[in-house]
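# A closer look at the structure
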Amino acid sequence: MLQIENITVYYGNIQAIKGVTLDIQEGEIVTLIGANGAGKSTLLKTISGLLKPKDGQIIYEGKPIGGKAAQAIVKQGISHVPEGRRIFANMTVEENLQLGAYLRRDRAGIKKDMEQVYELFPRLLERVKQQAGTLSGGEQQMLAMGRALMAKPKLLLLDEPSMGLAPLLVKTIFRIIEEIKATGTTILLVEQNAHLALSIADRAYVMETGRIVLSGKANELTESEEVKMAYLGGH
Ligand code: ATP
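These lines cover the structure that appears in this document, whether it is placed above or below. (Residues numbered from 1 in each chain as written. Predicted model: local features only at pLDDT ≥ 70, side-chain atom pairs only at ≥ 80, totals over all residues. Heavy atoms only, no water.)

Our next topic: the overall build of the protein. Helix and strand counts for the protein stand at 10 helices and 10 strands. Projecting the C-alpha coordinates of the protein onto the three principal axes gives extents of approximately 45 × 40 × 30 Å. Looking at the protein alone, contacts between residues at least 24 apart form 67% of all its contacts between residues at least 6 apart. Carbon and sulfur atoms make up 51% of the accessible area of the protein, which totals about 11,100 Å². Distance between charge centroids for the protein: 6 Å, based on 28 positive and 26 negative side chains. (Helix = DSSP H or I, 4+ residues; strand = E, 2+ residues; numbered from the N terminus. Contact = heavy atoms within 4.5 Å. Areas by Shrake-Rupley, 256 points an atom, 1.4 Å probe, with all protein chains shown as cover. Lys, Arg positive; Asp, Glu negative; His and termini not counted. Charge placed at Lys NZ, Arg CZ, Asp CG, Glu CD.)

Listed below in structure tokens is the structure:
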């Protein structure tokens, strides 16, 4: 579904991605793990068109998308839930969700997907008219994910969905990520919590300072001594 071939990304003179190659097959959860500053968020932003690669290719459904505008990429079926959520604080829950569908014209489909989002996140349904800025951290994460789903993505990019959430809520969010996968959406998940990410992923890539240093099936990486020592607290 998505092939990234040897891309490099710069912030000015600083090279944040130093030749990354990876692929995502339809229907998978692929997770990207690695320490702070490894380049995980940068890679997601490059896939969704917020940053442009300097070299290399990003091929989505057989077509190059590297360097295309973010809006065009959303239209092709890739939605990004950024780190820190970035919901519209002064708008209601419902308005935030409607904005997620701003490129769509199929009213009936939008209504159906809105119902599906409320089914996935009943907490949002209880708070339809509430200002998004007054939601708890966990509810804001749900809203950010719901808004991304309103674009009807085939590929969902999730950046650190567990950040700042209490353990019970993290569990809820991860259960919902599995439910989203079950509806047929492919997921690329960036996570600091490697344990949890590997527990729901099919495959994983480990990033260090702008490069992929390890990759494989999630259950195999969970057993790898290198991953255990560096990312799973030695367990
Ligand atoms: P974290 O988990 O801390 O978010 P990450 O793996 O997602 O880490 P990135 O945010 O992608 O890492 O950052 C990769 C590198 O690029 C870091 O060295 C970071 O300082 C640098 N970087 C990120 N954003 C910018 C920016 N806007 N300008 C300059 N450098 C940046």
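Either a parallel or an antiparallel arrangement is found when strands of a sheet pair, and the pairing is made through backbone hydrogen bonds. What the 4 strands build is an open sheet, ordered 2-1-4-5; its pairing is antiparallel. The open sheet terminates on both sides in strands that have one partner only, identified here as strand 2 (14-24) and strand 5 (63-64). For strand 1 (residues 2-11) and strand 4 (residues 55-60), the ladder comprises 5 bridges, and the chain directions are antiparallel. Each bridged residue has a counterpart across the sheet, and for Gln3 the counterpart in strand 4 is Ile59. In the packing of helix 1 (residues 40-47) onto the sheet, contacts are made with strand 1, strand 2 and strand 4, and the angle to strand 1 comes to roughly 115°. (Pairing = 2+ DSSP bridges. Axes fitted to C-alpha atoms, helices over the stretch in contact; angles between N-to-C directions.)

Let's shift gears to the site of the ligand. Looking at the ligand, there are 13 residues lining it, with Asn36, Gly37, Lys40, Ser41 and Thr42 nearest. With respect to the ligand, the backbone of Gly39 contributes an N or O atom lying 2.8 Å from an oxygen atom. Here an oxygen atom of the ligand sits 2.7 Å away from a polar atom, N or O, in the side chain of Ser41. With the chains in place, 62% of the 630 Å² that the ligand exposes on its own is no longer accessible. The biggest single contributor to the shell around the ligand is helix 1, with 3 residues. (Near = heavy atom within 4 Å. Polar contact = N/O pair within 3.5 Å; in protein donor to acceptor, adjacent residues only side chain to side chain.)

All right, on to the sheet that holds strand 9 (residues 203-208) then. On the basis of which strands lie adjacent, the open sheet formed by 6 strands has the order 6-7-8-3-9-10 and mixed pairing. The open sheet terminates on both sides in strands that have one partner only, identified here as strand 6 (78-81) and strand 10 (211-217). Neighbour to neighbour, the strand axes of the sheet diverge by 15° on average, direction disregarded. As paired strands, strand 9 and strand 10 are joined by 6 bridges and run antiparallel to one another. Note that in strand 10 the partner of Val206 across the bridge is Leu214. Across the sheet, helix 6 (residues 137-149) touches strand 6 and strand 7 (155-159), and the angle it forms with strand 6 is around 170°. Its contacts with the sheet put helix 7 (residues 167-182) on strand 3 (29-33), strand 7 and strand 8 (186-191), and the angle it makes with strand 8 is roughly 155°.

As a further point, take the side chain of Thr46. Counting through the fold element by element, Thr46 comes out in helix 1. A distance of 2.7 Å separates a polar atom in the side chain of Thr46 from the backbone oxygen of Thr42.

Examined against the element boundaries, Glu26 turns out to sit in the loop between strand 2 and strand 3. Given the relative accessible area of 64%, Glu26 is considered exposed. Each C-alpha atom of the pair Glu26 and Met114 lies 23 Å from the other, and the pair is 88 residues apart in sequence. If we ignore the near neighbours within four places in the chain, the residues touching Glu26 are Met1 and Thr186. (Buried < 20%, exposed > 50% of the residue type's maximum accessible area, 1.4 Å probe, protein only.)

This next bit is on the pattern of salt bridges. Enumeration according to the criterion identifies 13 salt bridges in this entry. We note a salt bridge from Lys129 to Glu94, for which the minimum N-O separation is 2.6 Å. Separated by 35 residues along the polypeptide, Lys129 in the loop between helix 5 (122-125) and helix 6 and Glu94 in helix 3 (residues 93-100) bring together distant segments of the chain. In this structure Lys129 comes out as exposed when scored by relative accessible area, which is 63%. With its nearest N and O atoms 2.8 Å apart, the salt bridge here joins Asp113 to Arg104. With respect to class, Asp113 is no different from Arg104; both count as buried. Look at the salt bridges and you will find they share partners, linking Arg104, Asp106, Asp113 and Lys152 into a network. (Salt bridge = Lys/Arg side-chain N within 4 Å of Asp/Glu carboxyl O.)

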